[in-house]
Amino acid sequence: MKDNERKDIAFVEGHGELPRSYVYDAEELLSKYYFVNRGQIGNQVGVLNNFAAVIIAGSTKKYSETEKYILDQYVMSGGKILWLMDGAYYSHDDLEREGVSASMKNETNLDDLLFTYGVRINPDFVQDKQSRSVYLMSGDDTRSSVLYPCYYLPLLIPSADHPVTKDIRNVMSAFTSSIDFVNNNADVEKKVLLTTSGESHLVKVPEFVDLKVETIQDKKDYFDQQYIVTGVSLEGYFQSAYYGRMSPDSVIGDSKHKVDKSKKTKMIIVSSSQIISNEIEGKGNNSQIVPMGFDKVSNTQFGNRDFIVNAVNWLTDG
C-alpha cells in the first residue's frame with residue numbers, strides 16, 4: 001500500500017482503556033499500514049465516519065448512551081470495529097498479595113449493542129490446561145520462586161479456516177472470558193476465530209480467582225469443557241441497537257436521520273484485551289517495550305502481533 005493510500009484508524013479513549021504505553025507495540029505495527037489516531041468519542045454524530053476501523057481495547061468504565069449511539073450509527077454507516085473486551089475483572093493487588101481475588105462483571109454498558117449485533121461476552125474467566133507458566137514465591141521464602149502453570153493465562157487456538165487466523169501461532173491471553181453467539185440474524189455471518197483447548201473450565205462471577213494449582217490438580221475431571229469460544233468475526237447487515245428507540249437528546253448533529261439497518265460491514269470481538277497489550281520493562285529512560293505476545297518465561301513469541309495486524313487488515317479490506 002502506498003503512503004498516500006493509507007487509511008485512518010483510531011483507538012477509542014475515555015473509558016479506562018489500556019494506556020497508550022501498553023499498546024505501543026500495536027500502534028507501531030499498525031502505523032506501517034495506517035495513520036493511527038486516538039481520542040474520545042464525544043457527542044457529535046458522524047465523528048467516527050472518516051475512520052476505516054475503530055479499536056476498543058480494554059474498556060473498564062461505562063459508555064454513555066450518546067457514545068453508544070455514535071458507535072452504533074458508525075456501524076450502520078459501514079464502520080468496522082475491533083472489540084477487545086474483558087467480560088470480568090479481578091483485583092491485581094489482592095491476587096499478588098493474597099493469591100486470591102474476588103471476581104466482578106465488567107460493566108461497560110455495551111452489552112445491548114453487542115447483543116443486537118450477535119454476541120454476548122460472558123462475565124466469567126476461562127481456565128485452560130494449555131496455558132502459560134509463571135514464577136510464584138515458594139512458601140515463606142521470598143528469595144525462592146517456583147514455576148507453576150497459570151490456568152488463567154490460556155494460549156488460544158486460532159481457526160485454520162479464516163484469513164485473520166490462518167497459519168498464525170497460538171495467541172497469548174490473560175483472564176479471558178467466554179463468548180456466545182446470540183440473535184439468529186440471517187443477514188450476519190458468524191465465524192469462530194479463537195478458542196480454548198479441549199481441556200478447559202469456566203470460573204463464573206462472583207467465584208474467587210485462585211492461582212493455587214494444587215487444588216485443581218487433585219480434582220478429577222476439573223477441565224470439563226472443550227474449545228470455549230473467545231474470539232469471533234461477524235460480517236453482514238446489522239440491525240441498529242436503537243431500532244424503535246429515540247436517539248439520545250445530547251447527540252449533536254443529524255440525529256433525526258437515524259439509520260436502522262447497516263451497509264454491509266464487519267467486526268471482530270475478542271474477550272481479552274490482554275492480547276493487544278505489550279509489557280514494559282525497566283523505568284524511565286531505561287524502559288523498553290516487550291512485544292505483545294512475547295512470553296519471557298518460555299522465550300516464545302506467540303501469534304498476537306500477526307492476529308492484530310491481520311484483524312485490522314481484514315476489517316479494512318487491506
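Preceding this section is the structure that the text describes.
Attention in this report is confined to the structure presented alongside it. Predicted, not measured: the structure shown is a model, and the values here were computed from it. (Residues numbered from 1 in each chain as written. Predicted model: local features only at pLDDT ≥ 70, side-chain atom pairs only at ≥ 80, totals over all residues. Heavy atoms only, no water.)

Attention now goes to the pairing of strand β2 (residues 34-39). Both strand β1 (residues 7-12) and β2 contribute to a ladder of 6 bridges, which runs parallel. Each residue of the ladder has a partner; that of Val12, found in β2, is Gly39. For the handedness criterion, the β-α-β arrangement of β1, helix α1 (residues 24-30) and β2 is classed as right-handed. (Pairing = 2+ DSSP bridges. Helix = DSSP H or I, 4+ residues; strand = E, 2+ residues; numbered from the N terminus. Right-handed = clockwise from strand over helix to strand, strands pointing away.)

The subject of this paragraph is the side chain of Ser262. Take Ser262: it is sitting in the loop between β17 (229-236) and β18 (265-270). Of the residues examined, Ser262 reaches a relative accessible area of 5% and is grouped as buried. Each residue touching Ser262, except ones within four places of it in the same chain, is listed here: Val75, Met76, Gly236, Tyr237 and Phe238. (Buried < 20%, exposed > 50% of the residue type's maximum accessible area, 1.4 Å probe, protein only. Contact = heavy atoms within 4.5 Å.)

Inspection of the entire model under this criterion finds 21 salt bridges. For the salt bridge of Lys129 with Glu199, the shortest nitrogen-to-oxygen distance reads 3.7 Å. Separated by 70 residues along the polypeptide, Lys129 in the loop between β9 (124-128) and β10 (131-138) and Glu199 in the loop between β14 (188-195) and β15 (200-204) bring together distant segments of the chain. Three or more residues joined by partner-sharing salt bridges are found here, namely Glu13, Arg20, Glu27 and Arg38. (Salt bridge = Lys/Arg side-chain N within 4 Å of Asp/Glu carboxyl O.)

By the secondary structure assignment, Ile216 is in helix α5 (residues 214-217). Considered as a pair, Ile216 and Leu30 are 186 residues apart in the sequence and their alpha carbons are 40 Å apart.

Okay, helix α6 (residues 304-315) next. Between its first and last C-alpha, α6 extends 16 Å over 12 residues, near the 16 Å set by a 1.5 Å rise per residue. Within α6, the full set of buried residues consists of Asn304, Phe307, Ile308, Val309, Ala311, Val312, Asn313, Trp314 and Leu315. Directly beyond the C-terminal end of α6, a positive phi value near 60 degrees is found at Asp317. (Expected span 1.5 Å × (residues − 1).)

So yeah, pure geometry; function would need other evidence.
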